[in-house]
Each structure stands twice: as structure tokens, then as C-alpha cells.
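# Close look at the chain arrangement
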Amino acid sequence: MAIGNYTDSRLVSRYIDGDETALSILINRHSSRIYSFIFSKVYNRDLTEDIFQDTFVKVIRTLKRGKYNEEGKFLPWVMRIAHNLVIDHFRKENRMPKYEDNNELSIFSILSDNAMSKESSLIQEQIYSDVRMLVEQLPADQHEVLTMRVYKEMSFKDISEQTGVSINTALGRMRYALINLRKLVDKHQLQLSTL
């Protein structure tokens, strides 16, 4: 089989083993999709070129360090890198609204800002996705209380009645859910504000 017909994962393996041609094939195979994706977010050809190049610099560095473990999902992985670089660009440009962290549910208050520009909504979408991923990692009892309180906007009295636990227990579960969310944010090194 010609190298051009290899799967992405096989090409990644070959590149990691020292075959530079494999990376060229991967870039050529996916460049138009990645370029179009970046351009659809920034609407500027020069900036798109810069972010496109930065994306592949990061791809190369990650592959060379042996940190790639996307199990054959090369394109979604590269798109995620490009997406994060677009967000980083807008953050550096200070084109994002600033959010104050005033404790308790501050990470959720970000999600409800209605005056969103295109750039802010891109970051909001990423934050929402990250928060949802973190919430899914909480223990079941904390997940349940947090979901009812934050997403369903239920009172602690209603949560207590629906779950069959005391209000204090519901409050405690919410408190531990927020503590655990903060730990998960640190563990995954996520930035849930636009500062």
C-alpha cells in the first residue's frame, strides 16, 4: 500500500518513528478543513495563516514529546488545538469581556451572559463544554444536587424533597461539588474565565 493511502493513525506512528514524509501527508490531507475552520472563526487570512502554522507547530511538538494519545482521532485532536489557539488569540487581544470570580457559582455565571460577541460566544461555548465535562466527573450524589441547583434552578428545599435528604445534606453535597469542581479545574489546567 502506498504511504498516501495509510490511515491517520499509521501516519502518526510513522512520523513518531522518524518518517517526516508522513507528517506532510497528514498536513496535506487535512489542511483545507483546518484552514477553513480557523478562517470561519477569525475572518482574516493573515491571522488564519498564523494560527494554522501555530497549530502544526504545536502538533509537531506534542508528537515529538510522545504526548499524543488520541487513539487514531488525529483530525478532531488537531481541530481542538486550532480551536484553543483561536480562543487564545482573542484572549490576548483583550477582546473578551472580563468576569470576576466571586466564588460559589462564578463559573456558571459566565454561561448566562447575553451580550455576546462572536469571539465571546466561541469562548463561552468552550467553557460550557469544559464545565459539562467536569460536572460529569463528580460523584453521583454531588452531580445530582449540582444539576438540580444550577441547571434546573431548583431551591435546596425542592432538592431535599426530591432526593429524600435533608436540606443540610443537599447544601453539603453542593459545597463538595464546587470544591471538587475547583480541584478538577486545576487538575485539567482549564481556564474558565477570559482573563
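Data block above holds the structure.
Heads up: these notes are all about the structure in this document. Residue numbers run consecutively from 1 along every chain, following the written order of its sequence. It should be noted that, the model being predicted, local features are given only for residues of pLDDT at least 70 and side-chain atom pairs only at 80 or more, the latter also being counted only at that level, while totals for whole chains, interfaces and linings use all residues. Side-chain metrics rest on all non-hydrogen atoms present in the structure, leaving aside hydrogens and water.

The buried label applies to any residue whose accessible area, calculated with a 1.4 Å probe on protein chains only, is under 20% of its type's maximum; exposed applies above 50%, and partly exposed to all values in between. Secondary structure elements follow DSSP: runs of H or I no shorter than four residues count as helices, runs of E no shorter than two count as strands, and numbering proceeds from the N terminus. For helix α8 (residues 156-163), every residue scored as buried is listed here: F156, I159, S160 and T163. In an axial view of α8, the angular spread of the buried residues amounts to 100°, which keeps them on one side of the axis. For α8, the exposed residues lying more than 90 degrees away from the buried face are E161 and Q162. Downstream of α8 by one or two residues, G164 has phi in the positive range, about 75°. By definition, the arc is the one covered by directions from the helix axis to the C-beta atoms.

What makes a salt bridge here is a side-chain nitrogen of Lys or Arg within 4 Å of a carboxyl oxygen of Asp or Glu, nothing more. Tallying each qualifying case throughout the model produces six salt bridges. Between D88 and R91 there is a salt bridge whose closest N-O contact spans 4.0 Å. Here D88 and its partner R91 are both found in helix α4 (residues 74-92), three residues apart, which amounts to about one turn of the helix. Between R173 and D141 there is a salt bridge; the shortest N-O distance is 3.5 Å. In this pair, R173 sits in helix α9 (residues 167-188) while D141 sits in helix α7 (residues 140-151), placing the two residues 32 residues apart along the sequence.

Our focus in this paragraph is the packing of aromatic side chains. Pairing of aromatic side chains requires ring centres within 6.5 Å, counting the rings of Phe and Tyr and the six-membered ring of Trp. Pairs whose planes differ by under 30 degrees are stacked, by over 60 edge-to-face, and all others tilted. This model, assessed by the stated rule, comprises six aromatic pairs. To sit over a ring, a charge needs its Lys NZ or Arg CZ within 6 Å of the ring centre and within 35 degrees of the ring normal. Geometry around Y176 places R175 over its ring, the cationic atom sitting 5.5 Å from the centre.

Our next topic: a negative patch on the surface. What goes into a patch is any residue over 30% in relative accessible area without a salt bridge, connected to like charges within 9 Å or, for nonpolar side chains (Val, Leu, Ile, Met, Phe, Trp, Tyr), within 5 Å. Each accessible area is a Shrake-Rupley estimate made with a 1.4 Å probe; only the visible protein chains count as cover when residues are assessed. Charged-residue counts in this description rest on Lys and Arg as positive and Asp and Glu as negative, His and the chain ends being excluded. All charge positions are set by atom: Lys at NZ, Arg at CZ, Asp at CG, Glu at CD. Taken together, the side chains of D46, E49, D50 and D54 present a region of like negative charge at the surface. Examined against the element boundaries, D54 turns out to sit in helix α3 (residues 45-64). Look at D54 and you get partly exposed, because its relative accessible area is 42%.

Attention shifts here to the side chain of S160. As for its position among the elements, S160 is in helix α8. In this description, contact between two residues means that some pair of their heavy atoms is separated by no more than 4.5 Å. For S160, the residues in contact, after removing those within four places along its chain, are V165, S166 and I167.

What follows concerns unusual backbone geometry. A positive phi angle is found at Y43, which is not glycine, with a value near 50°. Here Y43 shows up in the loop between α2 (20-42) and α3. Positive phi, normally seen in glycine, also occurs at E153, with a value near 55°. Position of E153 among the secondary structure elements: in the loop between α7 and α8.

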